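# Per-entry structural report
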Amino acid sequence: MAMNDLQLPENVFVSRLDSLANWCRKNSLWPMPFATACCGIELMATGASKHDLARFGAEVFRFSPRQCDLMIVAGRVVMKMLPVLQRIWQQMHEPKWCISMGACASTGGVFDTYAVVQGIDRFIPVDMYVPGCPPRPEQLIQAIIDLQDKIQREGTITGREFDTAGRQLRKRALVEAADPLAIDAARNPVLQRQLAAAATGPQS
Amino acid sequence: MSLAPPEIDVTQRGPEAGARSEDYLWTLNFGPQHPATHTTLRLVLKLEGERVVDAMPEIGYLHSGFEKIGEHLTFNQYVTVTDRMNYISPMANNVAWHHAVETLLGLELTPRCKYIRTIIAELARISDHLLCNGAVGLDTGAFTFFLYGFYQREVIYDIFETLCGARFTNSYTRVGGVSQDFTPLVIEKIRTFLKTFPKTLDDMERLLTRNRIFVDRTKGVGVLAKEEAIAGGATGPVARASGVTRDLRKDEPYLAYEDFQFQVCCASAGDCYARYLVRMQEMRESLKIVHQALENLPAGDVNVGIDQRVARPTKQQVYSTIEGTISHFELSMANRGFEVPCAESYAAIEAPNGELGFYVVGDGSETAYRARCRPPSVLHFALFPQLIRGHTLSDVVAVLGSLNIIAAELDR
Amino acid sequence: MPFVPPAVDDVLAALTERFGAVESSVYRGQTQLVVSDRDAFDVLRHLADAGFDLLVDVTCVDYLEYRGARRRYGMVYLLASTATNQRLTVRVFLDDPEPAVQSVVPIWPAANWLEREVWDMFGIRFIGHPDLRRLMMPEEFAAHPLRKDYPLQGRGERHNFPVITRDHS
């Protein structure tokens, strides 16, 4: 029976599973406030009464990385703190995103000194950068809206958009297919399995 | 409060008769990323059940080399960095820094500038105490109180934004003056704030001051005796809650504090509750000061005159007088600027957190040779182990909140 | 007029009586004493007994690039009295190989962290300090960053971390 002929009740919508999952994910972001400095106060202001982050479904601040899927790094990260940041990032479950809030977290800001890490994106992946020193709460809210948009557009239910390793593997396979001297992929069971896993994703 | 760790009865425990009491202690790592630290500091707690036997604080998780930057930025540039020092009351840091620089230069401000700086320093004190007490409330379970406080902070942010364009990191002061004069709109907004804020403050007091849960959680917790406070170098509300009647606004009147009537708020209990009460009362006193200063705001110039050659002249002066043109030119040149003596001096103000001073060494150039900040938070946090010994784990957050530890000021 | 703290002439007189002539100067109403590192502890203890009960700050200045300076490190002890509001600055000058001075923690417990910070930032050893570890920088950090011969941007320590990409996490 063709889809067109099917009579659906009025309260039923048809969608792709990816799209549905993303819709759920983007509207229930649980931020992990990694607030170190001044930006942390603006982060508090964003959650407090006047700006009220709850309007965008991202007000459930949880301080346990296991419960969160959005890390907001607010403030400068220094040498002594960076291992802590990396540890907390690794403790968060996929899918997870990271907002680098403020000039210090993004680039080191005015603190071009011996102790301050010049941008956290040198050491952990970052999805959104918010400029400002510190950014106004409106800017942070805009960043969260943009991130929601990104999640809706790019997200997949298997989290393949994060799978840069698989992407590398597929790229290598293409190069090797063009090169007759490359190793024979057909006789290599490990590579074969990896290729099969990678082939389920969109070619990039 | 006794400083000795509580007695632990070894005979009442498990099978190993020879075990020492330390064997039954367990260690809890608290921070550096923890909701109740608010910022980045770390405590290693030694616990006996729920009781804290000892605490070892560790700091430096936000050390970003402020003092080293101070040796590379000019006196006017460095004010942007002081904003980020105690970031819940940046205006007070601005005032402290330029107070220290002007002490080094021996510069006498205009009366209007003194009054303006007094007003903004007191508004900064209010916003600092609002957040500090709000955070104590938040940590002890009173979320509404925090929201009330934060809403009023937004009003103060709004005043500052109208005043200088930045709501949070203001960088408002300059050597010999301030960046913008008060406009009628600013004065209007402060007047409105003076009218509306006491009502909110009353509401906040009604919410928390006699709240049974809050009082139970803070009274008698983290007691700091007067002698310990002085020996430990405590200043500001922490010392005043322990009965030290030291307030630089009265003891070493700087800016225009001599002209105003206000009380120094003290308590004798020295516990978290006393610190909360002192802060609540200080906000009322600050309101009095702001009110008096605003009603008696002197007319006249806000920056020191052209003859002093430190503050940038107004546009009118640059275009219409030769002194103004020369002064503007000299101050803008990279290798000119103003003259700084080869000397060193220390000057402090009563910041919301305590005595915030700068030890500035001048070497003749427009850049400080050394800009040492005397941060009140460091000395307060060093007192933490002796405040928490013998209390329970849940009291850690109450004590931390009431000391108002700001990591950026702690570590710089 | 700016506020001038109460004079400290009586304190200086008592100090001269006990330790002989003490080098002192006044700048902007602030009295500064210079004492030798041998006498420092005794002088500070004497001052503590004479009413300077509040240790405001302990810090240091590195005079490596200062015009006309003869000695490299200048320790700064800022003292105040909570009873009389007098203030006094005590300076102790030290020199390079192994700069060290007696710790004042036995006199004022407040000095504990302040001296640790000076050790961390300037590498000045405090003899008799109960717990002389780094305060701000990580333990494995090698340099003393506030010394004038240490560059503002550091020597690359801040880049020395493993990189986590999306593949690792």
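Reference entry: report on the structure contained in this document. (Residues numbered from 1 in each chain as written. Chains lettered and ligands numbered in written order. Predicted model: local features only at pLDDT ≥ 70, side-chain atom pairs only at ≥ 80, totals over all residues.)

This brings us to the overall build of chain A. Assigned secondary structure in chain A consists of 7 helices and 4 strands. Counting the 204 residues in chain A, one finds 37% classified as buried. Residue pairs at least 24 apart in sequence account for 77% of intrachain contacts in chain A once pairs closer than 6 positions are excluded. (Helix = DSSP H or I, 4+ residues; strand = E, 2+ residues; numbered from the N terminus. Buried ≥ 20, exposed ≤ 12 C-beta atoms within 10 Å, placed from the backbone. Contact = placed C-beta atoms within 7 Å.)

Below, the discussion takes up the interface of chain A and chain B. On the chain B side, the residues contacting the 27 residues of chain A number 28 residues. Taken together, the elements giving at least two residues each to the side of chain A that touches chain B come down to α2 (38-47) and α3 (82-91) of chain A. When residues of the side of chain A that touches chain B are assigned to their parent elements, the largest contribution, 5 residues, is made by α2(A).

The next point concerns the sheet that holds strand β1 (residues 31-35) of chain A. Residues and elements named next belong to chain A. Spatially, the 4 strands line up as an open sheet ordered β1-β2-β3-β4, and their pairing is parallel. In this open sheet, the two strands that pair with only one neighbour each are β1 and β4 (128-130). Ignoring which end each strand starts from, the neighbouring axes of this sheet average 15° apart. Inspection of the sheet shows strand β3 (residues 97-101) paired to β4 by 3 bridges, in the parallel sense. Looking at the pairing, Met 101 lines up with Val 130 of β4. (Pairing = 2+ DSSP bridges. Axes fitted to C-alpha atoms, helices over the stretch in contact; angles between N-to-C directions.)

For the bond running from Cys133(A) to Pro134(A), omega is -10°, close enough to zero to count as cis. For Pro134(A), the position within the fold is in the loop between β4 and α5 (137-154). Positive phi, close to 45°, is recorded for Ser171(B), a residue that is not glycine. Within the secondary structure, Ser171(B) is located in the loop between α5 (143-164) and β4 (173-174). One non-glycine residue with positive phi stands out, namely Asn85(C), at about 65°. For Asn85(C), the position within the fold is in the loop between β4 (73-80) and β5 (87-94).

Here Leu152(C) lies in the segment after β7 (125-127). On the neighbour-count criterion, Leu152(C) (13 C-beta atoms within 10 Å) is partly exposed. If we ignore the near neighbours within four places in the chain, the residues touching Leu152(C) are Thr113(A), Tyr114(A), Lys68(B) and His72(B).

All right, on to the packing of helix α1 (residues 17-26) of chain A against α5(A) then. Residues and elements named next belong to chain A. Look at α1 against α5: their axes get within 8 Å of each other, and the N-to-C directions meet at 165°. Of the possible angle classes, the one that applies to α1 and α5 is roughly antiparallel. Between α1 and α5 lies a crossing of right-handed hand. Contacts between α1 and α5 involve Asn 22, Trp 23, Arg 25 and Lys 26 from the first element and Gln 148, Ile 151 and Gln 152 from the second. The residue makeup of the contact of α1 with α5, split by class, is 2 nonpolar, 3 polar and 2 charged. (Parallel < 35°, antiparallel > 145°, perpendicular 65-115°, else oblique. Left-handed = near helix turned anticlockwise from the far one by under 90°. Nonpolar A, V, L, I, M, F, W, Y, C, P; charged D, E, K, R; others polar.)

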